[in-house]
Amino acid sequence: MNAASRSVTATSAKKAFLASARRVAATRVVRTSAKATSTFTFGKDLQNKLALASKTVGAQLLLALPALAEEAEKEPGKLFDFDFTLPIMAVQFLVLMVFLDKTWFSPVGKVLDDRDENLRNILSGVQDNTGDVKKMEDEASKVVADARTEAANLITDAKKSAETEGTEKLAALKKKLDAQYEAASAQLVKEEDDARKALEPEIEKLAKQIVEKVA
Amino acid sequence: MNLATIASLSVGQHLYWRTESVAVHGETLLTSWFILGLLGIVSIAGNSNLKSIPEGLQNVTEFSLEFIRDIAKTQIGEEEHKEWVPFIGTIFLFIFVSNWSGALLPWRVIELPNGELGAPTNDINTTAALALLTSIAYFYAGIAKKGISYFKRYVEPAPFLLPINVLEDFTKPLSLCFRLFGNILADELVVGVLLLLVPLLVPVPLMLLGLFTSAIQALVFATLAGAYIGESLEDHH
């Protein structure tokens, strides 16, 4: 179909060309027309081949996309086709904006702001705590120092009391021992005296016997 | 011949819904409703039960809000950015989800009588609507803050710059509109043509690039909207 229509246009073009050529230079008509015919036959061959190629490629694409092929028959596309879609889109956009503001930007924004403020409060609270910590540290060191002095006092007291107790005990022991010694020595003297007293008549008796024997 | 015809087929084809006086692009509205619904569902599901320690979807919504607030804060400034967060945020979320839906969802599987489904942002009406709203927003921001003296900025820093300053009010929405439209349409076309030619593996790098550009374009649109609003809120002396 394509090739046939093209050959028709080609032949008509040829006729026109021939007429003009005849008018311009009648003597060179034969040569020119011969040349033109050869060009046209070559051109026709090429056209036939191209038509065949485009038909086969086109047929494949047409098989793949029947829907698109149908559209080829329809009105030419309008790229910059402004119509009532524009105001509708604008209104839709404004509706979407109000809707998203109500359900998204405002409530989520509030959550974000609240969280920010909360964190800021917590952070400032942490900064305030540094004073507290210092105070507590001072207190703790004071308590430790107090405890140290108290412990030292206790130790010295204990040492002192232990010392006095020890000396007291020692003195008491010494007294006791002295008393025992006294008692023991007194008893010894007494026993010596007793023994001497007991021995005195015997000694006298023995002396009398010695004197009698001697005498 | 046929190849080029098929590759360029989807360009500018629309599913027209007509009433007696007006026509609208059905495929753009359908996908935009899908995106509106998706954002609505995410918003309700993620933010219906907010906790001080986030869980699940709340992480996503909080992260995106922080991201949006950051954009607004850097472009508009610490004091005045809060009231513009909804506008910039909606621009960012709508464009981002639209672009990614075009790049990730197989819209073309659903056949329409004419045209094909795709990202709403590959229709010039959508991007023009967003760009015009941005223009209105920055005019509103400036006039609400400074009143009539807002228009002094046209003769600043020097009166001979007046034509350029006036021109800027036209170039801003135009560039916003065509940048987004062109990027998204071009990306979808490149991927579409490559899919026609080599429907295996070869388009994948370009698809990934498309995901990247889609995200960048959403960021660029939101950032520029913020910058324009910030510019008109700025104090001139």
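Cut-off values and rules
Residues numbered from 1 in each chain as written. Chains lettered and ligands numbered in written order. Predicted model: local features only at pLDDT ≥ 70, side-chain atom pairs only at ≥ 80, totals over all residues. Heavy atoms only, no water. Helix = DSSP H or I, 4+ residues; strand = E, 2+ residues; numbered from the N terminus. Areas by Shrake-Rupley, 256 points an atom, 1.4 Å probe, with all protein chains shown as cover. Patch = residues over 30% accessible without salt bridge, like charges linked within 9 Å, V, L, I, M, F, W, Y side chains within 5 Å. Salt bridge = Lys/Arg side-chain N within 4 Å of Asp/Glu carboxyl O. Contact = heavy atoms within 4.5 Å. Buried area = accessible area lost by both parts, 1.4 Å probe. Nonpolar A, V, L, I, M, F, W, Y, C, P; charged D, E, K, R; others polar. Expected span 1.5 Å × (residues − 1). Bend = angle between axes of the 7 residues up to and from the residue. Lys, Arg positive; Asp, Glu negative; His and termini not counted. Charge placed at Lys NZ, Arg CZ, Asp CG, Glu CD. Buried < 20%, exposed > 50% of the residue type's maximum accessible area, 1.4 Å probe, protein only. Axes fitted to C-alpha atoms, helices over the stretch in contact; angles between N-to-C directions. Left-handed = near helix turned anticlockwise from the far one by under 90°.

Description of the overall build of chain A
Next up, step 1: Looking only at helices and strands, chain A has four helices and zero strands in total.
Next up, step 2: Shown N-terminal to C-terminal, the secondary structure of chain A runs as helices and strands in the order α-α-α-α.
Next up, step 3: As displayed, chain A has an accessible area near 17,300 Å², and 63% of this comes from carbon and sulfur atoms.

Here we look at a nonpolar patch on the surface
All names here are of chain B.
Next up, step 1: Together, Leu195, Leu200, Leu201, Val204, Met207 and Leu208 make up an exposed nonpolar region whose accessible area comes to about 580 Å².
Next up, step 2: At three residues, helix 7 (residues 203-233) tops the list of elements feeding residues into the nonpolar patch.
Next up, step 3: The residue Val204 is located in helix 7 in this model.

Remarks on unusual backbone geometry
All names here are of chain B.
Next up, step 1: Note the cis peptide between Glu156 and Pro157, where omega equals 0°.
Next up, step 2: Topologically, Pro157 is positioned in the loop between helix 5 (124-146) and helix 6 (162-197).
Next up, step 3: We note that Leu201 has phi near 60°; this positive angle belongs to a residue other than glycine.
Next up, step 4: For Leu201, the position within the fold is in the loop between helix 6 and helix 7.

Concerning the interface of chain A and chain B
Next up, step 1: Listed by partner, the interface residues are 45 residues for chain A and 62 residues for chain B.
Next up, step 2: The junction of chain A with chain B conceals about 4,700 Å² of combined surface from both sides, 71% of it contributed by carbon and sulfur atoms.
Next up, step 3: On the chain A side of the contact with chain B, Phe93(A), Trp104(A) and Phe105(A) bury the most area, a combined 15% of that side's loss.
Next up, step 4: For the pair chain A and chain B, the number of links is three salt bridges.
Next up, step 5: Salt-bridge contacts for Arg115(A) lead to Glu62(B); the nearest nitrogen and oxygen are separated by 2.8 Å.
Next up, step 6: For the side of chain A that touches chain B, the leading source of residues is helix 4 (residues 85-214) of chain A, giving 23 residues.
Next up, step 7: Considered class by class, the residues forming the side of chain A that touches chain B number 29 nonpolar, seven polar and nine charged.

Digging into helix 4 of chain A
Next up, step 1: Compared with the 194 Å implied by 1.5 Å per residue over 130 residues, the 179 Å span of helix 4 of chain A between its first and last C-alpha is a close match.
Next up, step 2: Bending of helix 4 of chain A peaks at approximately 50° at the position of Asp101(A).

Looking at a negative patch on the surface
Next up, step 1: A cluster of acidic residues, Asp116(A), Glu117(A), Glu66(B) and Asp70(B), forms a negative patch on the protein surface.
Next up, step 2: Broken down by secondary-structure element, the contributors of at least two residues to the negative patch are helix 4 of chain A together with helix 3 (57-76) of chain B.
Next up, step 3: By secondary structure assignment, the location of Glu117(A) is in helix 4.
Next up, step 4: Glu117(A) sits in the partly exposed class, given a relative accessible area of 47%.

Quick word on the environment of Asn59(B)
Next up, step 1: Tracing the sequence through the fold places Asn59(B) in helix 3.
Next up, step 2: Taking C-alpha positions, Asn59(B) is 9.8 Å from Asn47(B), a pair spaced twelve residues apart along the chain.

Brief notes about the packing of helix 5 of chain B against helix 6 of chain B
The axes of two packed helices give the description: the angle between them and the distance between them.
Residues and elements named next belong to chain B.
Next up, step 1: Two elements in contact, helix 5 and helix 6, have axes whose closest approach is 8 Å; the angle formed by their N-to-C orientations is 145°. Once helix 5 is placed against helix 6, the crossing between them reads as right-handed. Of the residues in helix 6, those in contact with Ile124, Thr127, Ala128, Leu130, Ala131, Thr134, Ser135, Tyr138 and Phe139 of helix 5 are Asp169, Lys172, Pro173, Leu176, Cys177, Phe178, Leu180 and Phe181.
Next up, step 2: Across the contact of helix 5 with helix 6, the residue classes tally to twelve nonpolar, three polar and two charged.

Geometric descriptors of this kind do not, in isolation, establish any biological role.
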